[in-house]
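The primary structure of each chain is shown beneath.
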Amino acid sequence: MNYADLFRATLPETALEIAALLVLVVDLGFLRKAALKSRVAIAALLGVAGCGAALWALQIQGNAGLNYGDLTLLGAGTYIAVAQTGILVLTALTLLLLIDSVFTRNAGEYVAVVLMAAAGGLIIAAAQDLLVIFVGLELLSLGLYILTAFAKSSGKSAEAAMKYYLFGGMSAAFLLFGFSYLYGLSGSTSLPRVVYGTYVASAHGATPLLYLALVMIAAGLGFKVAAVPFHLWAPDTYEGAPAPAAAFIASVSKVASFALLITISSVTLHFLETLHLHGIAVAIITKAGTPLPPLPIVHGFRSAWPQTLMVLSAASMILGNLAALAQSSVRRLLAYSAIAHAGYILLALAFFTYSPLSTNAILYYILTYGLTTIGAFGVVSVIERATGSDRLDSFLGLHKRNPLLAAVLLVLFLSLAGIPPLVGFWAKFNLFAAVLTVSAGPVPFALVALAIGMSAVSLYYYLQVLKRAYVMAAIDETPINAHPVTLIVLLAIAAAVVVLGCFPALLQNWIVSFYR
Amino acid sequence: MLAWTIYLSFAGALVEALLPKGKAGLARWFALSVAMLALLHAVGGFAAGMGHGRQIIVDIPWVPSMGIHFLLAADGISRVLVLLTGLAAVAGILFSWNVEHRTNEFFAFYLALIGGVYGVFLSFDLFLLFVFYEIAIVPKYFLIAIWGSTRREYGAMKLAIYSFVGSAMVLIGLLAAYTTAGSHSTSLIYLAHAGLPVSFQMWCFPLVFTGFAILAGMWPFHTWAPTGHVAAPTAASMLLAGVVMKLGAYGCLRVGIWLFPHGLDPWGFSFIGIGSWRDVFAILAVIGIVYGALVALAQTDFKFVIGYSSVSHMGFVLLGLMTLNQIGVTGAVLQMFSHGVIAGLLFAIVGRIVYDRTHTRQLAELETMHLAKRLPFAAWAFVIAGMASMGLPGFSGFVAELQVLVGAWIAKPWWTIAAGVGIVVGVAYTWRALQKAFFSDNLATPDEHPKTGWHDLGAITWPEVTGVVMLAGVSLFVGLYPRILLDTIEPAVKALLAGGGQ
């Protein structure tokens, strides 16, 4: 590895960091006297341009990963490229929502932090090494804590950031603790070697250390994806954070974290499937050259991680959906629904196959979910500005106050509930079909039945919001005006949700195209 | 040709949503012309399809990687039900001519619902069928919640949740069938041929059948039906009873029975005389027939009478399906058509002609109004509709219920006997409602009961007359000349009962 390789492998991240610095320079250097509105607009547009540049860098980077010796630090191509593209596009969308916002006077800093956090997301999505994973996670998380606290005049924002930070710091400690055990078991930080090493160490029955490490890691990553019982930060953070920041947390951070979970699952399964196929771990250490001794087949090694995920998944689906029923704040409702959606995805990770089937289904789900949820937060933020609250009752009579916004809300929430022909339905179908294709036993079947049953429950709380927007009489009929850019972004998202739902093959083919 | 019913309805819904607000007349006429055009296509498709078996209409790969096709086809059963949908849609618009509140939105949701219903009846891809089935849920919710009456938000939410739970069960079955058959295709024709394992069919059949039967008002999952019907605006209750409940029954037949024929096989043991899922569902259907009729007899709200009568009549459909013989299933399909027309007519009279003028549906209050004298048209329309509903010879209901009963006799005679009780009670509740609402002369003079609207109930308008004549005429025509539908239904039922091989 030399610096040229390093530079090439991190080209998109570099583009984001340069854009972040550029935004700071422009905002603090040249626009100090300008009106806040134009500063926000310029900062947001520069940020979007930075995302565009990073996308372009991603294109020319191709499949160049980053290797150190025979160890892969950063992967590239295939699902990683899909996730990274998704992260960049979703980041750009959340930045566009910023244009309408008034929560801060420090537009330049906000955009810079968003871009740096997105860079962390890109690293997480590509990371193949425990240390790189940790660095990426911290880069992303620190950015998110700052973003949550960005509405300095709001007590809720500060409270949310403090809770998020404390939970986050704790879970990072758990994660690092788990990683240290894995390193102790395997003597390496590179994921394939970690799997190989722990497998060898478990040759005479899995050691309790491994289980301890897995639980610790599940706690750390469960926090990132807001899986029950590590979800407690989510409702407060979603409620307190400024809307664009909440949208960023709900979408980009989730995409990155699930990409990481995909990496972990596929590295493990790649090893195990090669092992079961050939009896030895041929494909693991490609460049070492020395043939490895045949490995015994350890029973129970494979099931530990999926079982952990299954528990998290079932708990998230049940608690997320049931708790959402009782919410009167739409942001908290979205937070609990996010927990439920994370539960569905964890199900597909628990029944994972090394073939692209599962990966594609998960990516499809998380990308479309991210898109939809950004739109939902966009609508919430417009309504908050007009009514001063995100209570259910602030949505009363929305169809009269702003019919377009109401139509967007209708499309997005029905999609989240999984009503065809919107994209949320395809995502669910795809995901559950993948689970059942991988394993058709009674357990996955029962869990899929639970997931589908729970999404029937979810229709109730989504309809609670739509009922206020469309059915119940308005208290206040003054029109709500949205900033034209916000409205265009929201309409574009709603249109995408409809079009991708009617032609689901579009997005699938796009994802598959990265495998060629 | 039939496919245009779907496209027209959805395009119409979109245009209605974009129409300027406040132009109620425009919205009405536009909706009526769209529905008429769709009805013409349905009639044309029905006429063109006579004597033909299953015809593929459209087959485009939709999600090639999962083997999902946009596959529309029609056999005799589909054609008859599409025809019913067309009729019910036009009649529903005629009877909602007086909707003044958010008219264009009303018809947008209405046409979207109709489009979904057409779609279900024409889909021969299980996935596509499911998509259309779910598309129909959301408009129902809004139609009832926004334009409904008694406890509308409760009724609408109950209906939405019941429908969604039912469709969740169907979705589980769909996924299971799809993956069990090898994840190649969701085409109904393919899945019917796929030779799904008997043990799989044994548990998947009741799941899917129950999921669909919830929407068909099967006892004990019927409770959404009366509350939903009562809460709904007239047009929506006409559609609910007229076609939406048929979606459920159609799904039971097309998906449940066609894809999982072995799900109906005997279990190999019997528990208190019940030896198969067929027995279970037949018993539930019979309970529905008798229970619905008895409860209808005790209602004080005119619309609840009709609501529970729907549960009873849909019981005949489910019983007919469970006979699994040619005559019984044919009768079930004909009963779907017949009940769709007759229930539409009954709801129109109760909800539109009577309620919109008297503003009450309480039989006790209607008793004092001398409606037979003041609304003779409504009274005689209800007499005709009531006779049709009781199953008097000469009306479509007679042919249909007779066939179901004969089929049930062939299968298990006691089913027929129990269902016969339901028919007798059916006569009683219809007669009771008729007598109380229209022909009661035991009470009150105008002076003693100064109710609002007492002196001027308003003249019967032309859309009402047209709608009543159309629906009653269809029921009478089918009753007198049932061959017109039977010739189309019978071959399709025969092919379907013979399994995937046909």
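Reading the values: rules and limits
- Residues numbered from 1 in each chain as written.
- Chains lettered and ligands numbered in written order.
- Predicted model: local features only at pLDDT ≥ 70, side-chain atom pairs only at ≥ 80, totals over all residues.
- Helix = DSSP H or I, 4+ residues; strand = E, 2+ residues; numbered from the N terminus.
- Contact = placed C-beta atoms within 7 Å.
- Buried ≥ 20, exposed ≤ 12 C-beta atoms within 10 Å, placed from the backbone.
- Core = buried A, V, L, I, M, F, W, Y, C linked by C-beta atoms within 7 Å.
- Pairing = 2+ DSSP bridges.
- Expected span 1.5 Å × (residues − 1).
- Axes fitted to C-alpha atoms, helices over the stretch in contact; angles between N-to-C directions.
- Parallel < 35°, antiparallel > 145°, perpendicular 65-115°, else oblique.
- Left-handed = near helix turned anticlockwise from the far one by under 90°.
- Nonpolar A, V, L, I, M, F, W, Y, C, P; charged D, E, K, R; others polar.
- pLDDT = per-residue confidence, 0-100.

Some points on the overall build of chain B
- Looking only at helices and strands, chain B has 21 helices and four strands in total.
- Projected onto its principal axes, the C-alpha coordinates of chain B cover approximately 75 × 55 × 40 Å.
- Across chain B, the fraction of contacts at a sequence separation of at least 24, relative to all contacts at a separation of at least 6, is 81%.

Observations regarding the overall build of chain A
- Broken down by element type, chain A carries 20 helices and two strands.
- With the C-alpha coordinates of chain A rotated into their principal frame, the extents come out at 75 × 55 × 40 Å.
- Residues classed as buried in chain A amount to 59% of the 516 residues present.
- Restricting to contacts in chain A with at least 6 residues of sequence separation, those with at least 24 account for 79%.

Some details on the interface of chain A and chain B
- Opposite the 24 residues of chain A that make contact, chain B presents 27 residues.
- When residues in the side of chain A that touches chain B are grouped by element, the largest group, twelve residues, is from helix α18 (residues 442-471) of chain A.

Structural notes on the nonpolar core
- Among the nonpolar cores identified, the biggest contains 414 residues, and I345 of chain A together with L318 and L319 of chain B are the most heavily contacted of them.
- If one sorts the elements of this core by residue count, helix α11 (residues 243-278) of chain A sits on top with 18 residues.
- Contacts of L319 of chain B, omitting those with residues within four sequence positions, involve A282, A285, V286, I289, V404, A408, W415 and A419 of chain B.

Some details on the pairing of strand β2 (residues 71-74) of chain A
Residues and elements named next belong to chain A.
- In this structure, strand β1 (residues 66-68) lies alongside β2, joined through three bridges in antiparallel fashion. Within the sheet, the bridge partner assigned to Y68 lies in β2 and is L71.
- The antiparallel hairpin formed by β1 and β2 contains two residues in its connecting segment, where G69 sits at a positive phi of about 65°.

Re helix α17 (residues 376-390) of chain B
Residue and element names in this part refer to chain B.
- The terminal C-alpha atoms of α17, which comprises 15 residues, lie 21 Å apart, in line with the 21 Å expected from a rise of 1.5 Å per residue.
- Residues of α17 that are buried in the fold lie against α13 (302-323), α14 (326-358), α16 (371-374), α18 (396-411), α19 (413-437) and α20 (462-480).
- Positive backbone phi, at 90°, marks G391, one or two positions downstream of α17.

With respect to the environment of F106 of chain B
Residue and element names in this part refer to chain B.
- Inspection of the secondary structure puts F106 in helix α4 (residues 103-122).
- Separated by 75 residues in sequence, F106 and A31 place their C-alpha atoms 9.9 Å apart.
- Leave out the neighbours within four places in its chain, and F106 touches S96, V99 and W147.

Observations concerning the pairing of strand β3 (residues 266-271) of chain B
- Across the six residues of β3 of chain B, zero count as buried, placing the element largely on the outside.
- Adjacent in sequence and paired antiparallel, β3 of chain B and strand β4 (residues 274-276) of chain B are bridged by two residues, among which I272 of chain B carries a positive phi angle near 35°.

Considerations on the packing of helix α17 (residues 423-438) of chain A against helix α19 (residues 484-502) of chain A
Residue and element names in this part refer to chain A.
- Interhelical geometry of α17 versus α19 gives an angle of 45° and a closest axis separation of 7 Å. In terms of orientation, α17 lies oblique with respect to α19. Counting all contacts with α17, which are made through V423, F425 and W426, the residues of α19 involved are V497, L500 and G501.

Focus: the packing of helix α5 (residues 107-126) of chain A against helix α6 (residues 130-148) of chain A
Residues and elements named next belong to chain A.
- Between α5 and α6, whose axes approach to 8 Å, the crossing angle comes to 155°. Relative to α6, α5 is oriented roughly antiparallel. Regarding α5 and α6, the two cross each other, and that crossing is left-handed. Facing α5, whose interface residues are V113, V114, M116, A117, A119, G120, G121, I123 and I124, α6 presents V132, I133, V135, G136, L137, L139, L140, G143, L144, I146 and L147.
- The residue inventory of the contact of α5 with α6, partitioned by class, reads 16 nonpolar, four polar and no charged.

Some thoughts on unusual backbone geometry
- Going from V228 of chain A to P229 of chain A, the amide bond is cis rather than trans, its omega being 5°.
- Between P420 of chain A and P421 of chain A the backbone carries a cis peptide bond, its omega angle lying at 0°.
- For P421 of chain A, the location among the structural elements is in the loop between α16 (403-417) and α17.
- Its identity as a non-glycine residue notwithstanding, R102 of chain B has a phi of 50°, on the positive side.
- Mapped onto the elements, R102 of chain B comes out in the loop between α3 (76-94) and α4.
- Although it is not a glycine, L324 of chain B sits at a positive phi angle of roughly 60°.
- By the element assignment, L324 of chain B lies in the loop between α13 and α14.

Notes on the confidence of the model for chain B
- Mean pLDDT for chain B: 85, with 96% of residues reaching 70 or above.
- Across the assembled chains, the prediction reports ipTM 0.87 with pTM 0.90.

Points about helix α5 (residues 126-135) of chain B
- For α5 of chain B, a buried count of ten out of ten residues is recorded, marking the element as mostly surrounded by other parts of the structure.
- On its buried face, α5 of chain B sits against β2 (68-74), α4, α6 (137-147), α7 (152-180), α8 (188-193) and α11 (234-259) of chain B.

Some details on the environment of D390 of chain A
Residue and element names in this part refer to chain A.
- Here D390 shows up in the loop between α14 (356-387) and α15 (398-401).
- Note on D390: 22 C-beta atoms within 10 Å, which makes it buried.
- As a C-alpha pair, D390 and I419 span 29 residues in sequence and 24 Å in three-dimensional space.
- In this structure, D390 is in contact with S329, V330, R331, V380, I383 and E384, ignoring residues within four places of it in sequence.

Section: the environment of G273 of chain B
- Note that G273 of chain B resides in the loop between β3 and β4.
- Sequence separation between G273 of chain B and L297 of chain B is 24 residues; the distance between their C-alpha atoms is 30 Å.

A few points about the confidence of the model for chain A
- Averaged over all residues, the pLDDT of chain A equals 86, while 94% of them reach at least 70.
- Across residues 280-287 of chain A, confidence stays below pLDDT 50; counting only partners more than four residues off in sequence or on other chains, it has 18 contacts.

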